[in-house]
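Summary of structural features
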Amino acid sequence: MHITVIGSGYVGTTIAACFADLGHDVTAIDIDEEIVETLNDGQSPISEPGLDDLLETHAGNRLEATTSYDAVPESDVTFLAIGTPSNDDGSIDLGALEAAAEATGEAVADKDERHLVVIKSTVTPPSIETVLEPAVHRGAGENENIEVGMNPEFLREGSAVSDFLSPDKLVFGASSEWGTDRLHTVFEPLLEDHDADIVETDPQTASMIKYANNAFLASKISLVNDLGNICKEFDLDAYEVMEAIGLDDRISEQFLRSGVGWGGSCFPKDVNAIIAAAHEEDYDPAVLEATVEVNDRQPERMLELLADHVDLEGARIAVLGLAFKPQTDDIRNSRAIPMIELLKEQGAEIVAYDPVAVDPMQERFPDIEYVSSAADALDGADGTVVVTDWDEFATLDEEFDTMATPVVIDGRRIVQPRDEITYEGLTW
Ligand code: UGA
């Protein structure tokens, strides 16, 4: 099969490389010449384990990158993987995706065979019918032999390649049997080796499945954090409680880690987008709004715990962990951002450390101090807040001895408590 993938960001690059690995011929199309060159050199424009190896193997062979849409009509299916950034009200900005949808339509305007355009980007159900399908058909003009489908992505940052190659489920949103069959053909080589559940549905339901999936997981964490805060008030350990409830198959043991909350490029954006889309329909999604509220409050609770032990005005506070989760340098919506803002408001002097995410945070907050090790951050500090669960924080020990006052507020249950330090877990 020949597949065209429009957009070579995080999702586009991953799926292009993985489709090539499944044996398809892939043309990756992006407006950015630098990204195109990087891909053709067999290198990844993003950092994701396993991706460099796949690109090195397939670039110039089964995978080609270009800025031109010429390959679109020759391909059997086109995937649109263009970013949909958030507007101020939480809704998604469809501008770039709409332009790519129209350009794809134009590219297949003279094609004789039926063509499938599959949306990979996360978009709200109504926007498929009101914005994206019309854009494709506007581009295609008289050619009505074009179908728009939806195939949402459930990849996690840091494990995107392995998540692609061993999915729990595949969601095929198509409006005809032909469209569903075509999606089956795309994923057939993957399904030869892996047992994944397949959900066949229409494009709008497929897009709602993506939002429901992320909203459910984010809400699960917020619920665990809400219950965790109550545990803390009762002097109980939320992790002991969650371990027990996780034994119930209906709850499952995953995503029960309470702490400073969820961040990243997906949960915050997707939860806010589905809330905004619900408001558009005059529906008030009370649980999802509470999900966001609880998440916003967790860094504040961390600060309160710290303030119980340290007078923050002028105090030197070490922030350990800046990335939104370990194994990534991504700081988008990292809980470290509100944490730093709150500490600044209190007049604290901040010293920050992360194994890989110092540079992006330095751009966001140029006016705080950054150091190159946790030990350096702790040296002379009056207190520390642990925001990301990097493994190396689990081995910290004598480093705490150099603190001016060894107060440790752990937002991820990663530090090992010891007698010499004043240790507070956020929910335990
Ligand atoms: C998330 C989803 O897990 C993917 O399935 C989805 O495809 C992706 O969003 C997306 O929409 O693109 P990701 O943002 O990479 O993936 O990160 P996760 O590993 O899910 O973690 C998200 C946040 O939740 C992190 O800040 C993490 O620290 C936090 N978290 C996770 C908790 O606080 N507790 C937990 O128990 C689990």
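Here the structure is shown first, and the text comes after it.
Residues numbered from 1 in each chain as written. Predicted model: local features only at pLDDT ≥ 70, side-chain atom pairs only at ≥ 80, totals over all residues. Heavy atoms only, no water.

Things to note about the sheet that holds strand β13 (residues 407–410)
- Strand order in the open sheet formed by six strands is β11-β10-β9-β12-β13-β14, with parallel pairing between adjacent strands. The open sheet has two free edges, formed respectively by β11 (369–370) and β14 (422–425), since each of these has just one partner strand.
- Alignment of strand β9 (residues 316–320) against strand β10 (residues 349–353), held across five bridges, turns out to be parallel. The residue bridging Val 319 from the neighbouring strand is Ala 352, located in β10. (Pairing = 2+ DSSP bridges. Helix = DSSP H or I, 4+ residues; strand = E, 2+ residues; numbered from the N terminus.)

Regarding the nonpolar core
- With 55 residues, the main nonpolar core has Leu 322 and Leu 343 as its most contacted residues.
- For this core, the secondary-structure elements that each account for two or more residues are α11 (286–307), β9, α12 (336–345), β10, α13 (358–364), α14 (374–378), β12 (383–386) and β13.
- In this structure Leu 343 touches Leu 303, Leu 306, Leu 312, Ile 317, Val 319, Ala 348, Ile 350 and Val 385, once residues within four positions along its chain are discounted.
- Among the nonpolar cores identified, the runner-up in size contains 37 residues, and Val 108, Ala 215, Ala 218 and Ala 273 belong to it. (Core = buried A, V, L, I, M, F, W, Y, C linked by side-chain atoms within 4.5 Å. Buried < 20%, exposed > 50% of the residue type's maximum accessible area, 1.4 Å probe, protein only. Contact = heavy atoms within 4.5 Å.)

Section: the site of the ligand
- If you check the shell around the ligand, you find 20 residues, and the closest are Leu 155, Glu 157, Lys 210, Asn 214 and Cys 266.
- Here an oxygen atom of the ligand sits 2.6 Å away from a polar atom, N or O, in the main chain of Leu 155.
- Secondary structure elements with two or more residues in the shell around the ligand: α8 (203–233) and α10 (267–280).
- Of the residues forming the shell around the ligand, the biggest block, three residues, is contributed by α8.
- Its residues assigned to classes, the shell around the ligand comprises nine nonpolar, three polar and eight charged. (Near = heavy atom within 4 Å. Polar contact = N/O pair within 3.5 Å; in protein donor to acceptor, adjacent residues only side chain to side chain. Nonpolar A, V, L, I, M, F, W, Y, C, P; charged D, E, K, R; others polar.)

Comments concerning unusual backbone geometry
- Although it is not a glycine, Phe 255 sits at a positive phi angle of roughly 60°.
- One non-glycine residue, Arg 413, lies in the positive phi region at around 50°.
- Looking at where Arg 413 falls in the secondary structure, it is placed in the loop between β13 and β14.

Focus on the side chain of Thr 328
- Position of Thr 328 relative to the elements: it lies in the loop between β9 and α12.
- At 3.3 Å, the side chain of Thr 328 forms a polar contact with the side chain of Glu 157.
- A distance of 3.0 Å separates the side chain of Thr 328 from the backbone nitrogen of Asp 330, its partner in a polar contact.
- Those residues within four positions of Thr 328 in sequence are excluded, and the remaining contacts are Glu 157, Ala 323, Val 356 and Trp 390.

Some words on the packing of aromatic side chains
- The full count for this structure, using the stated rule, is nine aromatic pairs.
- When the ring of Phe 19 is compared with that of Phe 79, the centres are 5.0 Å apart and the planes differ by 40°; the resulting orientation is tilted. Within this pair, whereas Phe 19 is found in helix α1 (residues 10–21), its partner Phe 79 is found in strand β4 (residues 77–80), the two being separated by 60 residues in sequence.
- Here Phe 19 falls in the buried class, since its relative accessible area comes to 0%.
- Residue classification places Phe 79 among the buried residues on the basis of a relative accessible area of 0%.
- Sitting over the face of the ring of Trp 178, Arg 114 holds its NZ or CZ atom 5.0 Å from the ring centroid.
- Sitting over the ring of Phe 154, Lys 169 keeps its end group 4.2 Å from the ring centre. (Phe/Tyr/Trp six-rings, centres within 6.5 Å; stacked < 30°, edge-to-face > 60°. Lys NZ or Arg CZ within 6 Å of the ring centre and 35° of its normal.)

A short note on the pattern of salt bridges
- The tally for this structure, following the rule as stated, stands at 20 salt bridges.
- Linking Glu 341 and Arg 364 is a salt bridge whose minimum nitrogen-to-oxygen distance equals 3.2 Å. Taken together, the positions of Glu 341 in helix α12 and Arg 364 in helix α13 put the pair 23 residues apart, joining distant regions of the chain.
- Looking at Arg 364, the relative accessible area reads 39%, which means it is partly exposed.
- Two residues, Arg 418 and Asp 401, come together in a salt bridge whose shortest N-O distance is 3.4 Å. Placement of the pair is Arg 418 in the loop between β13 and β14 and Asp 401 in the loop between β12 and β13, with a sequence separation of 17 residues. (Salt bridge = Lys/Arg side-chain N within 4 Å of Asp/Glu carboxyl O.)

A short note on the layout of surface pockets
- A volume near 280 Å³ is recorded for the second largest pocket.
- Ser 47, Glu 157, Thr 328, Asp 329 and Asp 330 are the residues nearest the centre of the second largest pocket, which is lined by 13 residues in total.
- Among the residues making up the lining of the second largest pocket, the classes are represented as four nonpolar, four polar and five charged. (1 Å grid on protein atoms, 1.4 Å probe; cavity = no way out; pocket = protein on both sides within 12 Å on 5 of 7 lines; lining within 4 Å. Points joined across faces, edges and corners; volume = space filled by probe spheres on them.)

A closer look at a nonpolar patch on the surface
- A contiguous nonpolar surface patch, about 480 Å² in accessible area, is contributed by Leu 223, Leu 227, Ile 230, Phe 234 and Leu 236.
- Counting through the fold element by element, Leu 236 comes out in the loop between α8 and α9 (238–245). (Patch = residues over 30% accessible without salt bridge, like charges linked within 9 Å, V, L, I, M, F, W, Y side chains within 5 Å. Areas by Shrake-Rupley, 256 points an atom, 1.4 Å probe, with all protein chains shown as cover.)

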